[in-house]
Amino acid sequence: GIQVEQSPPDLILQEGANSTLRCNFSDSVNNLQWFHQNPWGQLINLFYIPSGTKQNGRLSATTVATERYSLLYISSSQTTDSGVYFCAVEGLGGQNFVFGPGTRLSVLP
Amino acid sequence: EAQVTQNPRYLITVTGKKLTVTCSQNMNHEYMSWYRQDPGLGLRQIYYSMNVEVTDKGDVPEGYKVSRKEKRNFPLILESPSPNQTSLYFCASSLSAQETQYFGPGTRLLVL
C-alpha cells in the first residue's frame, strides 16, 4: 500500500518563528489532507490539498503531486500551534486513508 | 452546530464483553470512517463507509464490525474485545471520500 513519511519528527520553535513541515508519499494520490492534533487530542482539518497551494491565515500548504510531496508552512508561530501535525493521503483507486507518523511541534513562549 | 459526536468518550471494559461505540454526524455526509490511534503506530483506518449500506475494510479491520443503516450513524462494534484493542478511537465524516474530513472528539477505550 501507499507509504507516507513526514519530516521532521519533532520541531521546537520560539514564538514568532516560521517553520516548514514536509510530507512525502510513495504513490499518486486522489486526496491529501493536513490535520492538527492539539495537546488535548482533538483532530482538526487544516487543508484539503491534493494539488496546488492554499492559504488560511498564518498557515499555507503546497502539494506537488508529480513529485509526491506536500509542504505545510506555519508563519509567526504561536503557542497554540503546538501539537502534532499529520498528513494523510488516499491513493488512486481506493478510499483507504493512510496517515503519516506526524510532526510534533512545540512552540515556546 | 455541525459536528461529529462519539459515545462514550471513555470506557473501561473486560475481555470478551461486547461493546458498541456510537458515531453520529449532522452534516448529511456520505463518507464516514473509524480510526484507531496508538503510540508509535499513529492513526490507522479500521473501516469506512461510502454511503448507506456500503462499508469496506481499512488497514486494521480484524476484531471490529461496523454498520451503516442510516446516513448519520456509523457505530463501531467490538464483539469480543481483547486487550490489544485498548486504544483511542476516532470517527470522522466528510461529504465524500475526496473531501475534508471532520473528526469526532475521540473515545478512549481500555480493555482489561
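Refer to the structure above for everything that follows.
In what follows, the accompanying structure is described. Fair warning: this is a prediction, and the values are worked out from it, not measured in the lab. (Residues numbered from 1 in each chain as written. Chains lettered and ligands numbered in written order. Predicted model: local features only at pLDDT ≥ 70, side-chain atom pairs only at ≥ 80, totals over all residues. Heavy atoms only, no water.)

Let us look at the sheet that holds strand β1 (residues 4–7) of chain B. Residues and elements named next belong to chain B. The strand order across the open sheet formed by four strands is β1-β3-β8-β7, and the pairing between neighbours is antiparallel. Unpaired on one side and paired on the other, β1 and β7 (65–66) mark the two borders of the sheet. Bridge analysis of β1 against strand β3 (residues 19–25) gives four bridges, and the strand direction is antiparallel. Of the residues in β3, the one forming a bridge with N7 is T22. (Pairing = 2+ DSSP bridges. Helix = DSSP H or I, 4+ residues; strand = E, 2+ residues; numbered from the N terminus.)

Right, let's get into unusual backbone geometry. Look at the link from S7 of chain A to P8 of chain A: it is a cis peptide, with omega at -10 degrees. The residue P8 of chain A is located in the loop between β1 (4–7) and β2 (10–14) in this model. Of the consecutive residues N7 of chain B and P8 of chain B, the connecting peptide bond is found in the cis state with omega at -5 degrees. Here P8 of chain B lies in the loop between β1 and β2 (10–13). For N28 of chain B, which is not a glycine, the phi torsion comes out positive at approximately 60 degrees. Take N28 of chain B: its relative accessible area is 53%, and that puts it in the exposed class. (Buried < 20%, exposed > 50% of the residue type's maximum accessible area, 1.4 Å probe, protein only.)

A word on the environment of T63 of chain A. Residue and element names in this part refer to chain A. Secondary-structure assignment places T63 in strand β7 (residues 59–64). For the pair T63 and N96, spaced 33 residues apart in sequence, the C-alpha to C-alpha distance is 19 Å. Dropping the residues within four chain positions of it, T63 is found in contact with F25, L32, I49, P50, S51, G52, Y69 and S70. Looking at T63, its side chain comes within polar contact range of the main-chain oxygen of I49, at 2.7 Å. Of the polar contacts made by the side chain of T63, one reaches the side chain of S70; its length is 2.9 Å. (Contact = heavy atoms within 4.5 Å. Polar contact = N/O pair within 3.5 Å; in protein donor to acceptor, adjacent residues only side chain to side chain.)

Once that is clear, we can look at the state of the cysteines. Under the counting rule described, the total for this entry stands at two disulfides over all chains. Here C23 of chain A is linked by a disulfide to C87 of chain A, with a sulfur-sulfur distance of 1.8 Å. Taking the sign of the S-S torsion, about 40 degrees here, the bridge from C23 of chain A to C87 of chain A comes out right-handed. A residue pair is termed long-range when its members are at least 10 positions apart, and C23 of chain A in strand β3 (residues 19–25) and C87 of chain A in strand β9 (residues 83–91) qualify at 64 residues. The disulfide bridge from C23 of chain B ends at C91 of chain B, spanning 1.8 Å between sulfur atoms. Looking along the S-S bond of the C23 of chain B-C91 of chain B disulfide, the torsion reads about -70 degrees, which is the left-handed sense. Within this pair, whereas C23 of chain B is found in strand β3, its partner C91 of chain B is found in strand β9 (residues 87–94), the two being separated by 68 residues in sequence. The buried category is assigned to C23 of chain B, whose relative accessible area is 2%. When its relative accessible area of 0% is taken as the criterion, C91 of chain B is described as buried. (Disulfide = S-S within 2.5 Å.)

On the side of chain B, 16 residues touch chain A, which itself brings 16 residues to the contact. In total, chain A and chain B occlude about 1,500 Å² of area from one another, counting both sides; carbon and sulfur atoms represent 52% of this. Put simply, chain A and chain B have zero salt bridges between them. Inspection of the region where chain A meets chain B yields seven residue pairs in polar contact (both at pLDDT 80 or more). (Buried area = accessible area lost by both parts, 1.4 Å probe. Salt bridge = Lys/Arg side-chain N within 4 Å of Asp/Glu carboxyl O.)

Let's shift gears to the environment of A88 of chain A. Residues and elements named next belong to chain A. The residue A88 is located in strand β9 in this model. Judged by relative accessible area, A88 falls into the buried class, the value being 0%. Not counting residues within four places of it along the chain, the set of residues in contact with A88 comprises N31, L32, Q33, F35, F97, V98 and F99.

This brings us to the pairing of β1 of chain A. Two faces, one strand: in a regular strand the side chains alternate between the faces of the sheet. All names here are of chain A. Along β1, the buried face is formed by V4 and Q6; none of E5 and S7, which line the opposite face, is buried. The pairing of β1 with β3 spans four bridges and is classified as antiparallel. Looking at the pairing, E5 lines up with N24 of β3.

What follows covers the sheet that holds strand β6 (residues 52–56) of chain A. Residue and element names in this part refer to chain A. With antiparallel pairing, five strands are arranged side by side in an open sheet as β1-β3-β8-β7-β6. Both outer strands of the open sheet, β1 and β6, are each paired with one neighbouring strand and no more. The average undirected angle you get between the axes of adjacent strands in this sheet is 15 degrees. In this sheet, β7 lies alongside β6 in antiparallel orientation, the contact comprising five bridges. Note on β7: the bridge partner recorded for G52 is T63. (Axes fitted to C-alpha atoms, helices over the stretch in contact; angles between N-to-C directions.)

Functional significance is not addressed by these values, which are geometric in nature.
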